[in-house]
Structures are given as structure tokens and as C-alpha cells.
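# Commentary on secondary and tertiary structure
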Amino acid sequence: MRKAMLVVFLPALALAADVSGDWNAHLERFGDTFGFSRVALKSEGNKITGTLNELKLEGTLEGDHLQLTLTRPNGKEWGKLDARLQGDELIGTANTQQGESMMWKARRAPTANTTPKTHVFEPTTFHRQFSGSIPPALHINPGDTIKTTTVDAGGTDAKGTRRSMGGNPETGPFYVDGAMPGDTLAIRFHRIRLSRDSAGSGDRIVPSAVEPWYFRDAKFDEKFSSEWKLDREAGVAMLAKPTERMKNFKVKMQPMLGCVGVAPPANQAYRSGWLGSWGGNMDYSGLREGVTVYLPVYQEGALLFVGDGHALEGDGELNGDALETSMDVEFTVDLIRGKSTGGPRFENDEYLMASGIGGSLQDALQMATTELAQWLERDYKLSANESNVVLGTSIRYDIAEVVDPQVHIVAKVSKSVLAPLK
């Protein structure tokens, strides 16, 4: 006897979309875009958890409808997100506990390329401001290397051709895929090499660097030439048209970049002669081959600029212009996710170096010292007492810049001093 079989057809259950991973998000209000951040989400069925900077996220995804509650570290609710999943985008609104409502958009963060590439980039356009509104010249992935060139501060290239107006025209910007506010760019310079045999500099100290009476009474010769010949083979520079007393004057060259910067915060834009927490026209003589520059990311993609090559610069750039010339540069860009510095930092084989950029020497010194103390406390796990003792016995200061709109001081400590602390 054949047994009857009961077959029950159940309705298919809709599978919840998987939104796990990193998303690049921002807010929009009154036509303005702001609040860029990385959102990390994790799906467990319809339950969604995650983080947005210091905020914790919890909620659900029903079909394409995402609802999240955002909670502060103290346990108080920040607000709610309500969005629809559209392909690789989330689009909806953010509503705060204070009654504010804003449009919220996010898209999946690009997958990092595991195979670093080397890009040879020949610039055709140069920019005289640091701004997030400038279209990227090139997209790169973290770990990629760029080989490129810069013009001098007046806009002249390696062949002596004027390519731009003056004022530190910059090469770039380079968009680093995956870089978001709260991250740090690490730019390691492998090559900073002279690309021609001439340079120009200022021929007098700027008035702000000396007592007023000195500049008033100095007998400057208007016919004095501060054009330089660069002997790349010997590594020295000499005046191209020296006076009798200066005919044997030679200086050892130390090629460096005056400008390395990213797009400033929010919608700010600064002329390329300016400097700040985003870097910019830092004019630090220690920015040479072998140094790694750390810059906080303020805008999506970071938007990295380089320029303003110097064959040599004394501390402070006292003449207003160092030995300005064009450069061939090569650097690798890495991304430190989820950690941000308070301003520019530098590292080479010998030193850890932190910038202070302010309206006075005192302000700049305080900022540089604070940044270096925090660096030691975070990376070396030192207490405030411990870091203060290290700095009190071993700190050194460089006067990087005193003639531009902001003063730049660099505080540094030798790695040999820090070695026993690891």
C-alpha cells in the first residue's frame, strides 16, 4: 500500500540585505554637505549594530528599510537614522534629540586594493590654494606610490618654462580612496630631487624677523642678485652673479618641500602660502627624503597637495623665499584608519617631530609641545608624568617658519631616547 505524502508549501522568507562593512557617510542641510564620517555596520539577520565615530548604532533592516538609534558613550540617545538601501547607497534622514532633521547619505567604502601600484603623474595644471572643491587630479589607493614633479614657487618648471602664476602652485590634488575624516594620511617621501640647475631666493631678511631699526637703517643694494647656480653633482649652491666678497661663498644643498597639505576642514579654502593643522606651506627644512609626514584627514579622499621645492632653506625661511626651484618627487601614501592627529607630524630614522602652528612663537611652541606629549602618551603608553619627564630632559625645538601668516615650531625627540620605553 502506497503511503500518502503530505507536501506543505511554505512562503519564501525574504532574506535581509547584508549591509555589513564600512560606509562613507555625510549629512546635508540647506544645500550644504558636512559631517563626513566612516560608519561601520554589522548585520545579524535583521538586526544591525555598528559605530559612527564615538556613537553606537543599533537597529533593524526590514527589506530595504534601515532604522537605527544612535547612542552617545554616556548612554544618552543622540538621535535616529531612517534610510532606504538603494544598491550600494543608503539615503534617508537623521533626526537628533534636539529636533533637528537632516538628509543622511552613505555609500559603501571602496574595497582596498591589496596590490600597491606605482603611478607616474605628469601634472598639466597647478593649484594655488588648498581646497576640497578642486577636482582630484588622480585617484589612488592606500599603499600606492606616486612619481611626479613640482614647479617652483613662481610657477616655473624644470625646463625653465612658466607653467603657472606664482604663490606656491601645487601638484595634485591626489584623492586617496577610503580616506575619511578621523583618519590620518602617512606620506613617506622616497625622493625629493632637484630637477634643474638654478634657483632664486630673497635677498633680505623680512622685517618681522628683526628689530624695526635694523630694517629701517640697513643699506640694501637694489642691484644685488640673489639668483643661484645649483651644482647637483657636488651638492652645493653658489650665487650666479656674486659680489666680490661672496664669490667663494658656497652652501651645501639639502633639498626639501615647503608645501605638503590636504584639504582643510569643512568648506574652507586657503591660498597656498598659508599653513595650518592640514599642513600646507609649512616650510620645515626637515621635510626631506626619508621623512614620513602625518596629516589629519578632514575631507573624504583627503585631497593631497605637494609643491614649493627648496634646494636649501635656513630655519625660519628668513628671506621670505628659500632657494626656490623645481623638483622630482616620489612618495608612498598610506592610511591610518580611525586615528587622527591634532596637526602635522613628521618621522624619520632619528626623530619623532610634532608641529605647532599658531599666531605667535608662544602659541606655536605650546601646540607643538602638547602634540608631542600626546604622541608619546598614546603610542608609548606613557602617563602624563612619564611623558613630561621624557620631554623635560630630551625635547628639541626647530623654528620652521616665521615669515608666513602663521608661525611654525617643530618639537622633536630622539628615537634613541625612546628606545628603552618600547
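Procedures and definitions
Residues take numbers from 1 onward in each chain, read along the sequence in its written order. Given that the model is predicted, a residue must reach a pLDDT of at least 70 before its local features are reported, and side-chain atom pairs must reach 80 or more before they are shown or counted; all residues, however, enter totals for whole chains, interfaces and linings. Only hydrogens and water are set aside; all other atoms, that is, all heavy atoms of the structure, feed into the side-chain values. Here the term cavity refers to a set of points on a 1 Å grid, laid over the protein atoms alone, in which a 1.4 Å probe fits but cannot get out; the term pocket refers to an open set having protein on both sides within 12 Å along at least five of seven lines, with lining residues being those that place an atom within 4 Å of a point. Grid points are joined across faces, edges and corners, and a volume is the space filled by probe spheres set on the points. Salt bridges are counted wherever a side-chain nitrogen of Lys or Arg sits within 4 Å of a carboxyl oxygen of Asp or Glu. Secondary structure follows DSSP: runs of H or I at least 4 residues long count as helices, runs of E at least 2 residues long count as strands, and numbering of each begins at the N terminus. Relative accessibility decides the category of a residue: with a 1.4 Å probe and only protein chains considered, values under 20% of the type maximum give buried, values over 50% give exposed, and everything between is partly exposed. Directions are taken from the helix axis to each C-beta atom, and the arc is the one they span. Residue contacts are counted whenever heavy atoms from the two residues lie within 4.5 Å of one another. For every residue, the predictor reports its confidence as pLDDT, a number between 0 and 100. Axis lines are fitted to C-alpha atoms, over the contacting stretch for helices. Their N-to-C directions set the angle, which ranges from 0 to 180 degrees. Any angle from 65 to 115 degrees is called roughly perpendicular, while one under 35 is roughly parallel, one over 145 is roughly antiparallel, and all others are oblique. Crossing chirality is assigned from the near helix's rotation relative to the far helix, an anticlockwise turn below a right angle marking it left-handed and a clockwise turn marking it right-handed. His is not counted here, nor are the chain ends, while Lys and Arg score as positive and Asp and Glu score as negative. Within 3.5 Å is the distance limit for a polar contact, defined as a pair of N or O atoms, with the added protein rule that one can donate a hydrogen and the other accept it, and that residues adjacent in sequence qualify only through two side-chain atoms. The rule for pairing is simple: two strands pair if DSSP sees at least two bridges between them.

## Topic: the layout of surface pockets
There is about 380 Å³ of room inside the largest pocket. Lining the largest pocket are 22 residues, with Ser 201, Gly 202, Trp 228, Asn 319 and Leu 323 positioned closest to its centre.

## Section: the pattern of salt bridges
Counted by the stated rule, this structure contains 20 salt bridges. With its nearest N and O atoms 2.2 Å apart, the salt bridge here joins Glu 289 to Arg 193. Placement of Glu 289 in the loop between β22 (279-281) and β23 (292-296) and of Arg 193 in strand β14 (residues 184-194) is noted, with a sequence separation of 96 residues between them. Measuring nitrogen to oxygen at the nearest pair gives 3.2 Å for the salt bridge that ties Arg 204 to Asp 203.

## Notes on helix α3 (residues 384-394)
Along α3, the residues that are buried comprise Ser 387, Val 390, Leu 391 and Ser 394. Mapping the buried residues of α3 onto a view down its axis gives an arc of 90°, with all of them on the same face. For α3, exposure combined with an orientation more than 90 degrees from the buried face picks out Asn 385, Val 389, Gly 392 and Thr 393. On the buried face of α3, the contacting elements are α2 (361-379), β28 (396-401), β29 (407-414) and α4 (415-418).

## Things to note about the confidence of the model for the chain
Averaged over all residues, the pLDDT of the chain equals 93, while 96% of them reach at least 70. Here residues 3-14 is modelled with pLDDT under 50, and outside its nearest four sequence neighbours on either side it reaches zero contacts, counting other chains as well.

## So, the packing of α2 against α3
It is the contact of α2 with α3, at a shortest axis distance of 9 Å, that shows an interaxial angle of 125°. Between α2 and α3, the interaxial angle falls into the category oblique. Crossing handedness for the pair α2 and α3: right-handed. Between α2 and α3, the contacting residues are Thr 369, Leu 372, Ala 373, Leu 376 and Glu 377 on the first element and Ala 384, Ser 387, Asn 388, Val 390 and Leu 391 on the second.

## Some points on the side chain of Glu 324
Note on placement: Glu 324 falls in the loop between β24 (304-310) and β25 (327-336). Summary of buried charges: Glu 324 has no salt-bridge partner, and the nearest side chain of opposite charge, Arg 196, is 8.3 Å away. A polar side-chain atom of Glu 324 sits 3.1 Å from a polar atom in the side chain of His 310.

## Some remarks on the sheet that holds strand β12 (residues 145-150)
Spatially, nine strands are ordered β9-β12-β25-β14-β23-β26-β27-β29-β28 in an open sheet, and the strand pairing comes out mixed. Each of the sheet's edge strands pairs with one partner strand only, and the pair in question is β9 (118-120) and β28. This sheet shows a mean twist of 25° between the axes of neighbouring strands, independent of strand direction. The sheet contacts of α2 involve β23, β26 (345-347), β27 (351-358), β28 and β29, and relative to β27 the element is tilted by about 140°.

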